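Next come the chains, spelled out residue by residue.
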Amino acid sequence: MRKPVRKVVFPVAGLGTRFLPATKAIPKEMLPLVDRPLLQHAVEEARAAGIEDFVFVTGRSKRAIEDHFDADTELNRTLEERGKMDALEEVRHSEIAPGRCFYTRQQVPLGLGHAVWCARALIGNDPFAIVLPDDFVQGKTPCLKQMVEAYEEVGGNVVAVVDVPRERTSSYGILDVEKDDGRLATVRGLVEKPKPADAPSTLSIIGRYILQPEIFDHLEKQQRGAGNEIQLTDAMANLIGNQPFHGLRFEGTRYDCGDKVGFIEATLAHALNRPDMADKVREMLRKYC
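We now turn to the structure provided with this report. Remember, predicted model here, so these are calculated numbers, not experimental data. (Residues numbered from 1 in each chain as written. Predicted model: local features only at pLDDT ≥ 70, side-chain atom pairs only at ≥ 80, totals over all residues. Heavy atoms only, no water.)

1. Notes on a negative patch on the surface
Thought 1: Taken together, the side chains of Glu 66, Asp 70, Asp 72 and Glu 74 define an acidic patch exposed on the protein surface.
Thought 2: Note on placement: Glu 74 falls in helix H3 (residues 73-81).
Thought 3: We classify Glu 74 as exposed; its relative accessible area is 55%. (Patch = residues over 30% accessible without salt bridge, like charges linked within 9 Å, V, L, I, M, F, W, Y side chains within 5 Å. Areas by Shrake-Rupley, 256 points an atom, 1.4 Å probe, with all protein chains shown as cover. Salt bridge = Lys/Arg side-chain N within 4 Å of Asp/Glu carboxyl O. Lys, Arg positive; Asp, Glu negative; His and termini not counted. Charge placed at Lys NZ, Arg CZ, Asp CG, Glu CD. Helix = DSSP H or I, 4+ residues; strand = E, 2+ residues; numbered from the N terminus. Buried < 20%, exposed > 50% of the residue type's maximum accessible area, 1.4 Å probe, protein only.)

2. Digging into a nonpolar patch on the surface
Thought 1: Taken together, the side chains of Ile 264, Leu 268, Leu 272, Met 284 and Tyr 288 present a nonpolar region at the surface, about 470 Å² in accessible area.
Thought 2: Element by element, the count of residues in the nonpolar patch is highest for helix H10 (residues 260-272), at 3 residues.
Thought 3: Structurally, the position occupied by Tyr 288 is in the segment after helix H11 (278-286).
Thought 4: For Tyr 288, a relative accessible area of 66% gives the class exposed.

3. Things to note about the packing of H10 against H11
Thought 1: One can describe the packing of H10 onto H11 by two numbers: an axis separation of 8 Å at closest approach and a directional angle of 130°. By the angle between their axes, H10 is oblique relative to H11. Listed contacts from H11 to Leu 268, Ala 271 and Leu 272 of H10 are Ala 278, Val 281, Arg 282 and Leu 285.
Thought 2: Its residues assigned to classes, the contact of H10 with H11 comprises 6 nonpolar, no polar and 1 charged. (Axes fitted to C-alpha atoms, helices over the stretch in contact; angles between N-to-C directions. Parallel < 35°, antiparallel > 145°, perpendicular 65-115°, else oblique. Contact = heavy atoms within 4.5 Å. Nonpolar A, V, L, I, M, F, W, Y, C, P; charged D, E, K, R; others polar.)

4. Examining the pairing of strand E11 (residues 203-211)
Thought 1: Of all 9 residues in E11, 9 are buried, a share of seventy percent or more.
Thought 2: Where strand E6 (residues 128-131) and E11 come together, 4 bridges link them in antiparallel fashion. Directly across from Ile 130, in E11, lies its bridge partner Tyr 209.
Thought 3: One ladder, built from 5 bridges, connects strand E8 (residues 157-163) with E11; its direction is antiparallel. Within E11, the position partnered with Val 159 by the bridge is Tyr 209. (Pairing = 2+ DSSP bridges.)

5. Let's talk about the packing of aromatic side chains
Thought 1: A full pass over the atoms with the stated rule returns 6 aromatic pairs.
Thought 2: Arranged with centres 5.0 Å apart and planes meeting at 25°, the rings of Phe 10 and Phe 56 form a pair that is stacked. Taken together, the positions of Phe 10 in strand E1 (residues 7-11) and Phe 56 in strand E4 (residues 53-58) put the pair 46 residues apart, joining distant regions of the chain. Taken individually, Phe 10 and Phe 56 each receive the classification buried, so the pair is uniform in this respect.
Thought 3: Joined through ring pairs, the aromatic side chains of Phe 10, Phe 56, Phe 69 and Tyr 103 make up one cluster.
Thought 4: Geometry around Trp 117 places Arg 120 over its ring, the cationic atom sitting 3.7 Å from the centre. (Phe/Tyr/Trp six-rings, centres within 6.5 Å; stacked < 30°, edge-to-face > 60°. Lys NZ or Arg CZ within 6 Å of the ring centre and 35° of its normal.)

This is the structure we're talking about:
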């Protein structure tokens, strides 16, 4: 039987330079889509997929992340005393249970592969998910839940993929595909940020992964790749041929919240998907469109 996926890693040590000066004192991952931080949306997606243990790879000036997912007894008591039960429920929903939330630091910014490697002791010998909060995915079924269901079918390693314009392949990890049934693509190779002319396909990996713990054997070598960083894509490529490896075309829409315009679009999409505010947002938009 396959080991179930019960652990997730959130690499959240970045400086958020594209959103300065907002991110000078506030972690980029704590910028809100309406009333919930990006990172809370990611945590809720992981919960919906059956994740039980949450590992955050942080850096300096990320204390707000720890505080957000902790219990604030004074705030909870104040809300209860004032009868603000709806707000109290929302706050408690943001808390992660004791013994299920773990933090480790990436002291030096050496790339995504290095950030994931920093979580190795907390993952151990279990399969695990990786969620990048910059990628907000909206759909009827949470993206990671779809991936867990695919993992239960095929095992091994599963990455979420989308088709990108060929001229943009140099910004992504791209799949070299052996077979493709329109939903699951069997992967025979991975290329990190290839030039458009050299890209083996236009299937791009986004910020959702399910990986086997053997990935740490390759990350342990600390080999530098594109951008002189330790690339997760390079380590994943070494798993191909030894373990099943698939790309999943998930159902839903991905928004790049690492980009300012993408962040605005994600905020609007999320607001328009909420019954409590969709009509008012549409009315507001008519003033500008």
